[in-house]
Amino acid sequence: MADGQLFNNILLGGRGGTNQGQLRIHSGGIVWRKQGGGKVVEMGKPEISSLSWTRIPKGYQLGVKLKAGLNVKFNGFREQDVDNLSNFMTNTLGVTPEEKQLSISGRNWGEVNLEGNMLTFLVGSKPAFEVSLADVSQTQLQGKNDVVLEFHVDDTTGANEIFREKIMSMADVGPSGAEAVALFEDIAILTPRGRYTIELHLSFLRLQGQANDFKIQYSSVVRLFVLPKSPHTLVVITLDPPIRKGQTFYPHIVLQFAMEELAECALSMNEELLNTKYKDKLEPSYKGLSHEVFTQILRGLSAAKVTQPGKFRSSQDGYAVRASLKAEDGILYPLEKSFFFLPKPPTLILHEEIEYLEFERHGTGGASSISSHYFDLIIRLKSEQEHQFRNIQRNEYHNLFNFISSKGLKIMNLGDAHGTSGVAAVLENSDDEAVDPHLERIKSAREGGAGEDSDEEDEDFIAEKDDAGSPTDDSEEEQSDASESEETKEKPAKKEVKKKEAPVAKATGTKRKKKDEEEDGGKKRKLKKKKKDPNAPKRAMPGFMFFSQIERENVKKSNPGIPFTEVAKALGERWKKMSAEEKEPYESRAKADQKRYKDAMAGYKSGPTNIIDSGNESDSE
């Protein structure tokens, strides 16, 4: 164009302000055509009244005022275009552009000027902004002092399409209908609680629930944790910054998968992208345990590291210990570089943040024997924040203490041999083995050993260790002269308990007789259980007991240091999982033993009856 100048990527202001086009200025006037075809704006030389330049963000704006009162604006000129184009328009159009300065005071009050079809808001005699009245579709009065203006949408393209495309280009999101790389449906999430469908996209993951929808950029994923919690596996996604639900922030998303659940997933990703950007990170398809499939895909997409349990083992050969935090029951995972309490509230404590740890014993100062089987672990941070994990079982102490010591963490009350709340107190007077026979007897009854009354277990029962002399036992001893002959064999602790219970013996004869009648049934049962005729045949054992006798040592060898209680539990679990064919040898032995017992009882009942007189069980005074 010898008689004009051509400019590309010029934006038409007003109802087309987001449309780029081509602007041509020539001796006959000004013509703007939308890029790709469509709207055309033509202004002849005789129609032009005045021209103006205005400095705007990222360039300059050319304002054209027509004699008919209309105003048209074009945006996108560079600073070097202003002088050259001003001279050209002066020479060809006969109009010299003037410079307009905008108000930059930031005030939101001023004056309104209506000139032609242009509404100008003036602040300090300078325009703050201008609105073309041709773009106004409707106006309303709101109250006594307000006027509301509603504008036309762009008449050359859908404004919603422009808005959507603009957001998509800036927000790093795919089209709303874009298929996710992987999809996991109906996943249980413990925090924030609910069931969600999880979509894994190329740059983000989305949690879609019935009431909440979260979009999480992979750049926010700090680390993944895969922690077993039988019969489930917990997958924890640690975020920074956290997601928000109402006024609550969630730095950890805790997902729960069934431990043995299987899953298959074929990635929805083109082969070229899979072989370039995600080479050696992702595979075309996955098959395996559901939590492993999910973790592998998420790790490949987000490049986050995965943490799993380390060397710590509990007394039950698990990876965590049961504890309570802020009145919430959960499990505490001692990991190689941190402690993690789950599921609620999820609390991650890095070793490097810890100033010291402290063990605190329960059951001191006359507390119950039940509470003496637990202790607390207090973790003090360098930030002076403190976490107290309560009600940890005593049999977890040794493994937990050894693990903490191996990490070089400071234990505050180490060696406090005189304080009852110190570590030394935790180690003293361990009576775990004394309690285990009771639990063993209960678990054996549950697994099919009901009615099993072996003399071996009765001999293991030691009153002063198991229940320190229960009120029931003492009342029986006070009713009999025979107990006095055994007082010298009792420990001082039993004597003290006996003295405390002595006032009970001063009750009137009527009340005592009534009490004896009420407790008569229970005492007779104890008489049969504790004192038996030595000539009576030994009761038959169920199949589970034969199984326990054979496998007990194998369990102890495979689990060194396992408590007596856990041996019975492990045997019970194995017995439950056995098939009828596997149980058959033991059941056969049980049937034979049952026949032996019936035959022996028949001969025993036909013979003379032996009566054992025990002072401990006498109801006479």
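Within every chain, residues take consecutive numbers counted from 1 along the sequence as written. Restriction of local features to residues with pLDDT of at least 70 applies here, the model being predicted, together with a cutoff of 80 or more for giving and counting side-chain atom pairs; totals for whole chains, interfaces and linings are based on all residues. With hydrogens and water set aside, each side-chain value is computed from the structure's full complement of heavy atoms.

### Here we look at the overall build of the protein
So, point 1. Within the protein, the regular secondary structure consists of 15 helices and 30 strands.
So, point 2. Taking all 621 residues of the protein together, 39% fall into the buried category.
So, point 3. The contact definition used throughout considers only heavy atoms, calling two residues in contact when any of these lie within 4.5 Å. At a minimum sequence separation of 6, the contacts of the protein that also span at least 24 residues come to 48%.
So, point 4. Note on areas: Shrake-Rupley with a 1.4 Å probe; residue coverage comes only from the protein chains shown. Total accessible area on the protein stands at roughly 36900 Å², and carbon and sulfur atoms take up 49% of it. The way it works is that DSSP assigns letters per residue, a run of H or I at least four long becomes a helix, a run of E at least two long becomes a strand, and they are numbered from the N terminus. Exposure is judged per residue with a 1.4 Å probe applied to protein chains only, and the accessible area is read against the type maximum: over 50% gives exposed, under 20% gives buried, and values in between give partly exposed.

### Some details on the side chain of Thr54
So, point 1. Here Thr54 lies in strand E5 (residues 48–56).
So, point 2. Leave out the neighbours within four places in its chain, and Thr54 touches Gly59, Tyr60, Gln61, Lys100 and Leu102.

### Digging into the sheet that holds strand E1 (residues 4–12)
So, point 1. Spatial strand order, E4-E3-E2-E1-E7-E6-E5-E8: eight strands in an open sheet with mixed pairing. Two strands bound the open sheet, and with one partner strand each, they are strand E4 (40–44) and strand E8 (98–100). Here the average twist between neighbouring strands, direction ignored, is 30 degrees.
So, point 2. Only strands joined by at least two bridges in the DSSP assignment are considered to pair. As judged from the six bridges shared by strand E6 (residues 59–66) and strand E7 (residues 71–77), these two strands associate in the antiparallel manner. What sits directly across from Val64, in E7, is Val72.
So, point 3. Against the sheet, helix H1 (residues 79–92) makes contact with E1, strand E2 (20–26), E5, E6 and E7, and its axis sits at roughly 130 degrees relative to E1, the strand it touches most. To obtain each axis, a line is fitted to C-alpha atoms, and for helices this fit is confined to the stretch in contact; angles are then taken between N-to-C directions over 0 to 180 degrees.

### Digging into the nonpolar core
So, point 1. By convention a nonpolar core is built from buried Ala, Val, Leu, Ile, Met, Phe, Trp, Tyr and Cys residues, the set being connected through side-chain atoms within 4.5 Å. By size, the foremost hydrophobic cluster in this structure holds 36 residues, and its most contacted members are Leu200, Ile237, Leu255, Phe294 and Ile297.
So, point 2. Looking at this core, the elements with two or more residues in it are strand E14 (182–191), strand E15 (194–200), strand E16 (204–208), strand E17 (213–217), strand E18 (221–229), strand E19 (232–245), strand E20 (248–258) and helix H4 (290–302).
So, point 3. Setting aside anything within four residues of it in sequence, one finds Ile237 in contact with Leu205, Val221, Arg223, Leu224, Pro251, His252, Ile253, Leu255, Phe294 and Leu298.
So, point 4. Grouped together as the second largest cluster of nonpolar side chains are 25 residues, Phe7, Leu12, Trp53 and Phe77 included.

### A word on the sheet that holds E17
So, point 1. With mixed pairing, the eight strands of this open sheet are ordered in space as E17-E16-E15-E14-E20-E19-E18-E23. The open sheet has two edge strands, E17 and strand E23 (305–307), and neither has a second partner. Between one strand axis and the next, the sheet turns through 30 degrees on average, direction left out of account.
So, point 2. Both E14 and E15 contribute to a ladder of six bridges, which runs antiparallel. Within E15, the residue paired with Ala182 across the bridge is Leu200.

### Topic: the pattern of salt bridges
Between side chains of opposite charge, a pair can form as their charged atoms come close.
So, point 1. For this analysis, a salt bridge means a side-chain nitrogen from Lys or Arg found within 4 Å of a carboxyl oxygen belonging to Asp or Glu. Inspection of every chain in the model, using the stated rule, returns eleven salt bridges.
So, point 2. Between Arg380 and Glu386 there is a salt bridge; the shortest N-O distance is 3.7 Å.
So, point 3. Classification of Glu386 as partly exposed rests on a relative accessible area of 42%.

### Notes on the confidence of the model for the protein
So, point 1. pLDDT expresses how confident the predictor is about each individual residue, on a scale running from 0 to 100. For the protein, per-residue confidence averages 75 on the pLDDT scale, and residues scoring 70 or more make up 69% of the total.
So, point 2. Mean pLDDT values for the elements of the protein range from 38 in helix H9 (residues 463–466) up to 94 in strand E26 (residues 338–342).
So, point 3. Within the model, the stretch residues 153–158 combines pLDDT values under 50 with 14 contacts to residues more than four positions away or in other chains.
So, point 4. Segment residues 364–370 is flagged for pLDDT under 50; beyond a separation of four residues in sequence, or across chains, it makes two contacts in the model.

### Structural notes on the packing of helix H13 (residues 543–558) against helix H14 (residues 564–577)
So, point 1. Across the interface, H13 lies against H14 with an axial gap of 10 Å and an inter-helix angle of 120 degrees. Taken as axis vectors, H13 and H14 run oblique relative to one another. As for the relative orientation of H13 and H14, their crossing is right-handed in sense. Contact with H13, carried on its side by Gly543, Phe544, Phe547, Ser548, Glu551, Arg552, Val555 and Lys556, involves Phe564, Val567, Ala570, Leu571, Gly572, Arg574 and Trp575 of H14 and no other residues of that element.
So, point 2. In this count, Pro and Cys sit with the nonpolar residues alongside Ala, Val, Leu, Ile, Met, Phe, Trp and Tyr, while Asp, Glu, Lys and Arg are called charged and the others, Gly among them, polar. Along the lines of polarity and charge, the residues of the contact of H13 with H14 split into eight nonpolar, three polar and four charged. When describing relative orientation, an angle under 35 degrees is termed roughly parallel and one over 145 degrees roughly antiparallel, while 65 to 115 degrees is termed roughly perpendicular and anything else oblique. Note on convention: near helix rotated counterclockwise from far helix by under a right angle means a left-handed crossing. Clockwise means right-handed.

### Some details on unusual backbone geometry
So, point 1. Between Thr191 and Pro192 the backbone carries a cis peptide bond, its omega angle lying at -10 degrees.
So, point 2. Among the structural elements, Pro192 can be located in the loop between E14 and E15.
So, point 3. The amide bond that connects Asp240 to the next residue, Pro241, takes the cis arrangement and shows omega of 10 degrees.
So, point 4. For Pro241, the location among the structural elements is in strand E19.
So, point 5. Even without being a glycine, Asn9 presents a positive backbone phi close to 60 degrees.
So, point 6. Along the chain, the position of Asn9 falls in strand E1.

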